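# Reading the structure
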Amino acid sequence: MSNFYMLQVSVIVTLLIATIPGITMALEYHEQEGYPDVDLKGDITVPGVTKTEDDGEPSTLDEPVLTTVVRDLKAVGCKFKHVFYPKRNTALLREWDLWGPLILCLILALLLHSGSSDGGNTGEIHFAEVFVIIWLGAVVVTLNSKLLGGTITFLQSICVLGYCLLPLTIAAVLGQFLLLADQNAGIVTIRFLIVLLAFAWSTFASTAFVGDSQPPHRKVLAVYPIFLFYFVISWLVISH
């Protein structure tokens, strides 16, 4: 079994272990009081589209494709802005989507794929495994958040965790340019500091959105798996 396969197994096991406190507390809470009523509804809203008079739902069937694409790109860009400047704004949660997380995940996987030097199909394995680690890790972190009694919906949490990969994606892109230079202690230190800053910003931005949805006495249990999630991705970036 390759080192990367061992890494994948270790990541999955670590994230699953991190959810044990949430599962235990959720079961105890269920036995004592039962789950509170939580609104699990989540909608994909369409910014900038007028509602029809019939059912009040946005209609985009008659608009040009270019208009739809431009509007969606603006919505994704607006969410990226919220990641760079995280504050108590419900726009990222209210108007959730998975386009941004998918784009960032593909970019990260492609960057790791492009740097493979082992030959054969090793790059393809790296691409698939990075893709799985990101999405499976986000699912495990989200399940932990829900078991702890978080009010955020499942897809909203996936959206936040995915969009908050932006700083690490930028760090991976900058790392690719730094790899073109002669590798020395200075370049390695710069790469480390960039990834460290990106890791801190991703963790801070995600907890700014997800942390407020948790019960006050369980925030630490909810933030800990988020820390592990971005730490593993940061390790993949810095070790590339």
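Below or above, wherever it landed, is the structure these notes cover. In this text the structure is predicted, and so the values were computed from the model without any measurement.

## Examining the packing of helix α8 (residues 166–178) against helix α9 (residues 185–210)
For the pair α8 and α9, interaxial distance at closest approach is 8 Å and the crossing angle is 170°. It follows that α8 is roughly antiparallel to α9 by the angle criterion. Of the residues in α9, those touching α8 at P167, L168, A171, L174, G175 and L178 are I187, I190, R191, I194, V195, A198, F199, W201 and S202.

## Some details on the environment of L104
Within the secondary structure layout, L104 lies in helix α5 (residues 99–114). We classify L104 as buried; its relative accessible area is 3%. Along the chain, L104 and P167 lie 63 residues apart, while their C-alpha atoms are 9.9 Å from each other. Non-local contacts of L104, meaning those with residues more than four positions away in its chain, are made with F80, G162, Y163, L165, L166 and T169.

## Considering α9
Helix length check: α9, at 26 residues, gives a terminal C-alpha distance of 37 Å against a target of 38 Å (1.5 Å per residue), a fit within 8%. All of the buried residues in α9 are I187, R191, V195, A198, F199, S202, T203, A205, S206, T207, F209 and V210. N-cap assignment for α9: the residue whose side-chain oxygen lies 3.0 Å from the backbone N of G186 is N184.

## Some details on the packing of aromatic side chains
Here the structure, examined in full by the defined rule, presents 7 aromatic pairs. Between F199 and F227, the ring centres sit 5.2 Å apart and the planes meet at 70°, which makes this aromatic pair edge-to-face. Taken together, the positions of F199 in helix α9 and F227 in helix α10 (residues 219–238) put the pair 28 residues apart, joining distant regions of the chain. Residue classification places F199 among the buried positions, given a relative accessible area of 12%. Centre to centre, the rings of F229 and Y230 are 5.0 Å apart; their planes meet at 65°, and the pair counts as edge-to-face. The residues F229 and Y230 share a single accessibility class, namely buried. Ring pairs connect the aromatic residues F199, F227 and F231, which therefore count as one cluster.

## Overview of a nonpolar patch on the surface
A grouping of F84, Y85, I170, L174, W201 and F204 is seen on the molecular surface, where their side chains present a nonpolar patch of about 590 Å² in accessible area. Every element with two or more residues in the nonpolar patch is listed here: α8 and α9. By secondary structure assignment, the location of L174 is in helix α8.

About the cut-offs
Residues numbered from 1 in each chain as written. Predicted model: local features only at pLDDT ≥ 70, side-chain atom pairs only at ≥ 80, totals over all residues. Heavy atoms only, no water. Axes fitted to C-alpha atoms, helices over the stretch in contact; angles between N-to-C directions. Helix = DSSP H or I, 4+ residues; strand = E, 2+ residues; numbered from the N terminus. Parallel < 35°, antiparallel > 145°, perpendicular 65-115°, else oblique. Contact = heavy atoms within 4.5 Å. Buried < 20%, exposed > 50% of the residue type's maximum accessible area, 1.4 Å probe, protein only. Expected span 1.5 Å × (residues − 1). Polar contact = N/O pair within 3.5 Å; in protein donor to acceptor, adjacent residues only side chain to side chain. Phe/Tyr/Trp six-rings, centres within 6.5 Å; stacked < 30°, edge-to-face > 60°. Patch = residues over 30% accessible without salt bridge, like charges linked within 9 Å, V, L, I, M, F, W, Y side chains within 5 Å. Areas by Shrake-Rupley, 256 points an atom, 1.4 Å probe, with all protein chains shown as cover. Salt bridge = Lys/Arg side-chain N within 4 Å of Asp/Glu carboxyl O.

Geometric descriptors of this kind do not, in isolation, establish any biological role.
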